[in-house]
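# Chain and residue survey
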Amino acid sequence: MLIRIFMTLLVFCSMAAVVHAAAKLPETVKVNPAALTVEPMCDPKIAPAWREAQEIEGVKIEASSVCSPDNPAWIAAAVKGTNNISMDTLMKTGLSPDAIIKTDDLDGDGDPDRITIKLEIMELNGKSPDFPGILPTFDIAPGVQPGAWVFAPKTSGMSTENFESVRANPLLRLPSPVIRVEVGDIVQIVLENTHYLPHSIHLHGVDHPFMHHEHGGQDGVPQTSEVELMPGERRVYQFQPRQPGTMFYHCHVQTHTHLAMGLAGMIIVEENRPNNWLQTLNVGAGHVRHPSVAVREQYDQEYDLHYHAMDKELGEITQKYNDPRLIARDMNRRYDITDSTEDYYTLNGLSFPYTLRESLIIVEPDQKIKLRLLNSGGELIAIHTHGHHATITHYDGVEHNPVAQIMRDVFDMAPAQRLDLKLETVNDGKHSYGEGDWLIHDHREKGITTNGMAEGGSMSSIVYKSYLTENGMPKVSHFGVDLNKYFTKEYYERRLPEWQDLDDWASLGSPGGRSGLDDAAQTSLIYTLIGLLAGLLIYWGFSKRVQIKQGALSAVARIRSPKGGNNHD
């Protein structure tokens, strides 16, 4: 009974000490905004004049209100062909003179019908034997640089902006460029393997022959139709499409890693029309600033929306080694896709907040906008349009029966699936709820994160021009919203509390002290632990008191005995 009473008192005292230790809450520590590396919301290297409607080389280029639009010279070169523009325009693009060759009006309808496109394979954010960091760099969000590979238009310059920069040449970026051709065009895609591993191109959904007259198979599959394209080699993929639609091209060598690394893009076959000079490449996807004749017949605007996802651990393989054998070993034999997770979710190669720079869908009331969507990730996505219902017009490049077309506000897309949507901005409570800054996002919660950190992922907005600032960003500051924290690398390094500025006293800021406790609380806990240890020792002595008493008596008896003492009588 005495033992139980003693233990009860001991536990009570210990709990009281813990309560005392926790009673004094730690002070809130606010992250000083001046200590953050806040980036400009708009890329300062992009000229504001690029946003204007203009005409270059006879090509009419629509205005783009986003703060980071495409280089208009790229659009002119993509429409006319690099062989049909002036040297001055070509030099502004950074493209190789043979990147896009357009010749021969075979059907006499006023536009070229023989199209040659040259693509290279480039690495982003990879390891270099001559540089301690990664090279060339491409950030999908502030400070976020996953290893990636892309098909890129053939360039004439360096892989970086210049000798003094490690930032990637603007033409070398995620996603791989959108390719546009016309029904009946004779198209050659020339793949020049400038990479260190084997690759191929599979024309997914595109009408193409299985065989090529020069090198045999051309379906891109090493197990059925062709040998892998080795580093330094080139291969021609030729086709003459007979059906229009939104299609897909990607590498089909070790597809479980090569596609996920970024070797995937949209390929769009447009309906044949007279004088149909197409924007053959849409670098970075997004707003199509020179739509086809067929699209202009029905729509006011057109946007390419490429959704992709990447595994952080897969991309890090290219950042560990500069030996192709080690990269091939880890990717082909050690990486297990069945145990993988997708960490980075992108729209047109970027994650929020960078999606706001160039992937906003900017509209006006009473418009019809064509959206082409591709999911090249490894999981199903569910794209939700706030404030709007859109109509599904095409599945995987095939028109849906017009009388059976449905309107939705969530669009499920399996891996490799494509959808064409008609977005109408008539304010009738069904097509649109009215003007505003309406989010468009993946409704899987992880799809709005970047490496598990929200807000991020593939979020963007459908923004009416009345809700757009002069520099092309949404007018969120009018509602007390501050986007600056998202334009800091510290936020995605998890060093900035999401809610520290919601009230004047930072009730949800970071708790001070180690382990969330201040010095007084830590001292109290230390004394509590010492008291608990002392109590345990006392309890042990109390429970062993009989044995201790007997041992002590025995020791005393031995000392007093004639043999154990100093008796010399």
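For clarity, every value in this text was computed on a predicted model and none was experimentally measured. (Residues numbered from 1 in each chain as written. Predicted model: local features only at pLDDT ≥ 70, side-chain atom pairs only at ≥ 80, totals over all residues. Heavy atoms only, no water.)

Turning our eyes to something else, we now look at the confidence of the model for the protein chain. Detailed reading of predicted coordinates is not advised where the pLDDT is low. When pLDDT is averaged along the protein chain, the result is 91; 92% of the residues meet or exceed 70. Overall, residues 564-569 carries pLDDT values under 50, and its contacts beyond four positions in sequence, including any with other chains, amount to three contacts. (pLDDT = per-residue confidence, 0-100. Contact = heavy atoms within 4.5 Å.)

The next subject is the pairing of strand β30 (residues 460-464). Among the five residues that make up β30, five are buried, leaving the element largely enclosed by the rest of the structure. Residues Ser460, Ile462 and Tyr464 line one face of β30 and the alternating positions Ser461 and Val463 line the opposite face, and both faces are buried. Where strand β21 (residues 361-363) lies against β30, three bridges are found, and the strand directions are parallel. Residue pairing in the sheet places isoleucine 362 in a bridge with valine 463 of β30. Inspection of the sheet shows strand β29 (residues 437-442) paired to β30 by four bridges, in the antiparallel sense. When the bridges of β30 are listed, aspartate 437 appears paired with valine 463. (Buried < 20%, exposed > 50% of the residue type's maximum accessible area, 1.4 Å probe, protein only. Helix = DSSP H or I, 4+ residues; strand = E, 2+ residues; numbered from the N terminus. Pairing = 2+ DSSP bridges.)

Spatial strand order, β21-β30-β29-β23-β27: five strands in an open sheet with mixed pairing. Single-partner strands in this sheet number two, and they are β21 and β27 (410-413). For this sheet the average axis-to-axis angle between neighbouring strands, irrespective of direction, equals 15 degrees. Pairing geometry for strand β23 (residues 381-385) and β27, over four bridges, is antiparallel. Note on β27: the bridge partner recorded for alanine 382 is aspartate 412. (Axes fitted to C-alpha atoms, helices over the stretch in contact; angles between N-to-C directions.)

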